[in-house]
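The chain contents come next:
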Amino acid sequence: MTTKGKIGDSALARRLAGALQGEVLFDAFSRGRYATDASIYQIEPIGVVVPRGLDDVAATLEIVAEQGLPLLPRGGGTSQCGQTVGEAIVVDVSKFMDKIRDFDPESRRVTVEPGLVLARLNAFLKPHGLFFPVDVSTANRATLGGMTGNNSCGARSIRYGPMRDSVLAVDAILADGTRCRFAETPDQGSAPADLTTALSALGRREAAEIAARFPKLQRRVGGYNIDALAGNSPPNLAQLLVGSEGTLAFSHAIELALQPIPPAKVLGVCHFPTFYQAMDATRHIVALEPAAVELVDRTMVELARDIPLFRPTLEAFVRGDPAALLLVEFAGEETAAQLAKLKQLTELMADLGFPGAVVEATDEGFQKAIWEVRKAGLNIMMSMKGDGKPVSFIEDCAVVLEDLADYTDRLTKIFHKHGTEGTWYAHASVGCLHVRPILNMKQEAGATTMRAIAEEAFAMVRDYKGSHSGEHGDGLVRSEFHEPMFGQRMVKAFEEVKAAFDPNGLFNPGKIVKPAKMDDRSLFRFKPGYKTEDLDTALDWSDWGGFAGAVEMCNNNGACRKFDAGVMCPSFRVTRDEQHVTRGRANALRLALSGQLGANALASEEMAEALKLCVGCKACKRECPTGVDMARMKTEALYQRNKIRPPGLRERLIAHTPRLASFGPLLNLRDQIPGVAGMSERWLGLSAQRRLPKWRRPYRPAGLGEGRQVVLLPDCFNGNFEPENLEAAERVLAAAGYKVVVPAASGRPLCCGRTYLAAGLVEQARAEARRTIDALAPYAAQGLAVVGLEPSCLLTLKDEFKALFPGEETDDLADRAQLLEAFLANEEAALDLKPLAARHALLHGHCHQKAFGVMASVTETLARIPELAVQSIESGCCGMAGAFGYQAETYEVSRRMAELDLAPAVRAAPDDTLVIADGFSCRHQIADVTGRRALHSARVLDQALASGGTDYG
């Protein structure tokens, strides 16, 4: 795995930068971020290139070839076998090379660049009634180039086959710089004649050996697809590039065959008391000709129940405590036909001895929610806390269905022999289960056990005439085992293919041919001697065994790189930079904590830059299935940095916002006196393009209501800038039959400490939290609800307070703390609401409302207003994010975040549409970017009260 290149070579970096339009990243932090993928491996690259287009790729190839350096193509970096890591020049196509070049709906063909994400392609195709059918679970971040390189398959391969069945042609650059097209027929392509002749000869010569040695399975993706060379004259070399893992050529355009979207789909969730029975039933279920049969095992169900994002769905489709579930989908033209198939499934299950064991899902939304759980299978499995994790190395072995039950039973016994258990999920329909034994790869014993299990498991697969590589490719994990799988002669043929395309071994060396040992610990993420710094942390990380353990929960599978609906990760959605995605930040933190980025890396400017665009939205806390809470990690990292590099004046002023109320009128002069805003930008870094929130009169409670008591907690934002929201909340709670109690505070109003946490000033936040806890604890002890309006403040009581003061006291307060709408919904409070002048409303959810899963209560409460149609905006972070949008250096990024979803939706709404946003920052961003006024839900409810309330127009 060594090269002639120097890692981080500055002269090479300068040369590349001068020749390219794209980005050249040779610094230690960037190399560290690209040193890993979703596998167990970590290999530092020489440097990273992010090309803007084909000319950049060609220039890079010319320079590295001249110096005899390897080149490694990379898409989303989610490979599980180490395909996208290596000591090479890594070329990341995911940022710029993501266009649709050509589309012909009549012939159902599309040509795409390799960096295009599958979900974005399917979103483009949907209005045409078409889709690309290789539906991998990582569709919202998997690139078409990576899928082609891995010969990906997906859940519905039983109907549509693997990637090679849908790739029609590939445009590529060869190692010598030749640009050519590989296609089905010579007149469609332009492959060099000598290359075609040599490979045709190889195919004829090895036809008999190929027939004898290649497994007779659809799920055979190991080695090169040299079966495409046998029996075809001339051969379709595009199929040879599929599954080649970037080792033969650099693919820059891929022509794909499309399929019509089946208009009717139904799903049956089959429950089994034992795992063996589920595996044995699969061959019978497949006879019903389903579109998919996917496994979910007990471990996955139990782990998913602990993940807030998936818990409600699990409660809806899992009955009792099954050992295994099979998700069986039927799809076609007519609903009636699919319902008939679903009935046949129910009857079949009864015949097999499982009456009443099928949960039917015919609603499209319900089906989608169930599939989201399955698609998150890998990350759900990886959400196990501690050093022992499910490890991918025998992940994709495939056998014929008749052998599936026996195979899984024997493999389980191998796990038990070595003192471990395995996790199981995925493609039961084609005998390709994603199975991972639980191992601690930080220890030498973990690597030793991995090798022993691999050798025994692969030998068993060969006994069944199966395939040791059924979906996720070879990479560093399985390439070593090609000789026992295919025989020495076939391995030599693989090497001959590699030499014909790439005689100097330029492209992605060490994969498929001439590999390293799969258990070479020098290639592991956790190398021999790996250890992390024992920090005196500010927050409680005991659930993860420490701060480093929490950081290590990131398994690099890249769910944070998604572009579809959801919140995570707004900075990545804007920048498309690996640096500014949750995964990239987690990698930087892990490398810093383990000393791999030098002394004091945690407090370095490079680390500050890596964390700068994290807006603390907490989307990762909810949407990352392994629970990587980057907002909390950023607070801890800033706290550690502050020990060496204290925060600047701007950060301290913003942190002290709750204490500046008495200076409010003076601070308002910033936007009233010409020139002062400009000075504030020069001196403090506060963008002159923003008007700061205007300090108002402080909120004064009115003491309204009778009956049961409820505590209203004023926050500093509504309390000082928009007191009318708290006054409206008082009226609403009183109208609902409650006596409103506002807790007294000595000296100054209570504060959650949120502004201090954002600056890493944890001790000051702890002091504010202590004051608030002491004031609220007596009410919580009485069982009273503590109600708030500002999501970021109120939800701090449910989250950061527990990290600042772990124990029963904060747990009890967290249980009592609720946002206004959640309280009204949970208490089913009676409100006599009347129609508003407005008949339509757009609702934007604050990031923390989404992260804590409370948006449903907002829509439920607003739905009580007669004749008001409320539409939720499918939006991520608004981009204001506290002080983030006011900072000069992040102002533009803030606006771009708003322009992703939120701002266009608000601008498109008619003038008489209400715009509702509970977040203080959200309301100000909407006003600044769109010119529209947004209201807190409390004011909308107040307006709709029978008493008339106030007309907010």
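Residues numbered from 1 in each chain as written. Predicted model: local features only at pLDDT ≥ 70, side-chain atom pairs only at ≥ 80, totals over all residues. Heavy atoms only, no water.

A. Region of interest: the sheet that holds strand β23 (residues 840–844). On the basis of which strands lie adjacent, the open sheet formed by three strands has the order β24-β23-β25 and parallel pairing. Looking at strand neighbours, the two that pair on one side only are β24 (869–872) and β25 (914–917), the edges of this open sheet. Averaged over all pairs of adjacent strands, the angle between strand axes in this sheet comes to 25°, irrespective of strand direction. Sheet topology note: the β23/β25 ladder contains four bridges and is parallel. When the sheet's bridge partners are listed, Ala-841 is paired in β25 with Leu-914. (Pairing = 2+ DSSP bridges. Helix = DSSP H or I, 4+ residues; strand = E, 2+ residues; numbered from the N terminus. Axes fitted to C-alpha atoms, helices over the stretch in contact; angles between N-to-C directions.)

B. Representation of the pairing of strand β10 (residues 250–257) within the structure. For β10, the tally of buried residues reaches seven of eight residues, placing the bulk of the element in the interior. In this structure, strand β6 (residues 109–112) lies alongside β10, joined through four bridges in antiparallel fashion. The partner of Thr-111 across the bridge, within β10, is Glu-255. For strand β8 (residues 167–173) and β10, the ladder comprises six bridges, and the chain directions are antiparallel. Within β10, the residue paired with Asp-171 across the bridge is Ala-253. (Buried < 20%, exposed > 50% of the residue type's maximum accessible area, 1.4 Å probe, protein only.)

C. Just helix α7 (residues 193–205), in detail. Its 13 residues give α7 an end-to-end C-alpha distance of 18 Å, which sits within 8% of 18 Å, the value for a rise of 1.5 Å per residue. Within α7, the full set of buried residues consists of Leu-195, Thr-196, Leu-199, Ser-200, Leu-202 and Gly-203. All buried residues of α7 lie within an arc of 160° about the axis, which places them on one face of the element. Opposite the buried face of α7, at more than 90 degrees from it, the exposed residues are Ala-193, Asp-194, Thr-197 and Arg-204. The inward-facing, buried residues of α7 contact β9 (179–183), α8 (207–213), α9 (237–241) and α20 (488–501). (Expected span 1.5 Å × (residues − 1). Arc of directions from axis to C-beta. Contact = heavy atoms within 4.5 Å.)

D. Spatial organisation of the nonpolar core. If you look at the biggest cluster of nonpolar residues, it comprises 81 residues, and the most contacted ones within it are Met-630, Met-633 and Leu-797. With seven residues, helix α33 (residues 762–781) is the largest single contributor of residues to this core. The residues touching Met-630, leaving out its near neighbours within four places in the chain, are Thr-582, Arg-585, Ala-586, Leu-589, Leu-611, Cys-614 and Cys-620. Of all hydrophobic cores here, the second largest spans 62 residues; its members include Val-85, Ala-357, Tyr-407 and Val-461. (Core = buried A, V, L, I, M, F, W, Y, C linked by side-chain atoms within 4.5 Å.)

E. Molecular detail of the sheet that holds β8. Pairing is antiparallel in the open sheet, where five strands are placed in the order β5-β6-β10-β8-β9. At either margin of the open sheet sits one strand with a lone partner, and together these are β5 (100–104) and β9. When strand polarity is set aside, the average angle formed by the axes of neighbouring strands in this sheet is 15°. Two strands pair when backbone bridges link them, and β5 and β6 are joined in this way by four bridges, in the antiparallel orientation. Bridging from a neighbouring strand, Asp-104 pairs with Arg-109 of β6.

F. Fine view of a positive patch on the surface. Side chains of Lys-126, Lys-265, Lys-368 and Lys-375 sit close together on the surface and give a patch of like positive charge. Secondary-structure assignment places Lys-375 in helix α14 (residues 364–375). For Lys-375, a relative accessible area of 32% gives the class partly exposed. (Patch = residues over 30% accessible without salt bridge, like charges linked within 9 Å, V, L, I, M, F, W, Y side chains within 5 Å. Areas by Shrake-Rupley, 256 points an atom, 1.4 Å probe, with all protein chains shown as cover. Salt bridge = Lys/Arg side-chain N within 4 Å of Asp/Glu carboxyl O. Lys, Arg positive; Asp, Glu negative; His and termini not counted. Charge placed at Lys NZ, Arg CZ, Asp CG, Glu CD.)

G. The side chain of Arg-31, seen in detail. On the secondary structure map, Arg-31 appears in helix α2 (residues 28–33). At 2.8 Å, the side chain of Arg-31 and the side chain of Glu-44 are in polar contact. (Polar contact = N/O pair within 3.5 Å; in protein donor to acceptor, adjacent residues only side chain to side chain.)

H. View of the pattern of salt bridges. For the structure on display, the rule yields 68 salt bridges. Notably, a salt bridge pairs Glu-255 with Arg-109, separated by 2.8 Å at the nearest N-O pair. Taken as a pair, Glu-255 in strand β10 and Arg-109 in strand β6 lie far apart in primary sequence, 146 residues in all. Given a relative accessible area of 10%, Glu-255 falls into the buried group.

I. Spotlight on a nonpolar patch on the surface. Taken together, Phe-663, Leu-666, Leu-667, Leu-669 and Ile-673 make up a surface patch of nonpolar side chains, about 440 Å² in accessible area. The residue Leu-667 is located in helix α28 (residues 664–668) in this model. A relative accessible area of 35% places Leu-667 in the partly exposed class.

J. Region of the structure containing the confidence of the model for the chain. Of all residues in the chain, 98% have pLDDT values of 70 or greater, and the mean over the chain is 92. In the model, residues 947–953 has pLDDT below 50 throughout and makes 16 contacts with residues more than four positions away in sequence or in other chains. (pLDDT = per-residue confidence, 0-100.)

K. How the structure looks around the packing of aromatic side chains. On inspection of all chains with the given rule, the structure shows 19 aromatic pairs. Ring centres of Phe-275 and Trp-424 lie 5.1 Å apart, and the angle between their planes is 45°; on these two criteria the pair is classed as tilted. One end of the pair, Phe-275, is in helix α10 (residues 275–286); the other, Trp-424, is in strand β17 (residues 422–427), and 149 residues separate them in sequence. For Phe-275, a relative accessible area of 17% puts it in the buried group. A relative accessible area of 5% means that Trp-424 is categorised as buried. Measuring from centroid to centroid gives 4.5 Å for Trp-695 and Phe-721, while their planes differ by 50°, and the two rings are tilted. Of the two residues, Trp-695 sits in the loop between α29 (676–684) and β19 (708–712) while Phe-721 sits in the loop between α30 (716–720) and α31 (723–735), which places them 26 residues apart along the sequence. With respect to class, Trp-695 is no different from Phe-721; both count as buried. Here the aromatic residues Phe-214, Tyr-224, Phe-486 and Phe-494 are joined through ring pairs into a cluster of three or more. In this structure, Arg-52 is placed above the aromatic ring of Phe-96, and the distance from its NZ or CZ to the ring centre is 4.1 Å. The ring of Trp-541 has Arg-632 sitting right over it, with the charged end atom 5.8 Å from the ring centre. (Phe/Tyr/Trp six-rings, centres within 6.5 Å; stacked < 30°, edge-to-face > 60°. Lys NZ or Arg CZ within 6 Å of the ring centre and 35° of its normal.)

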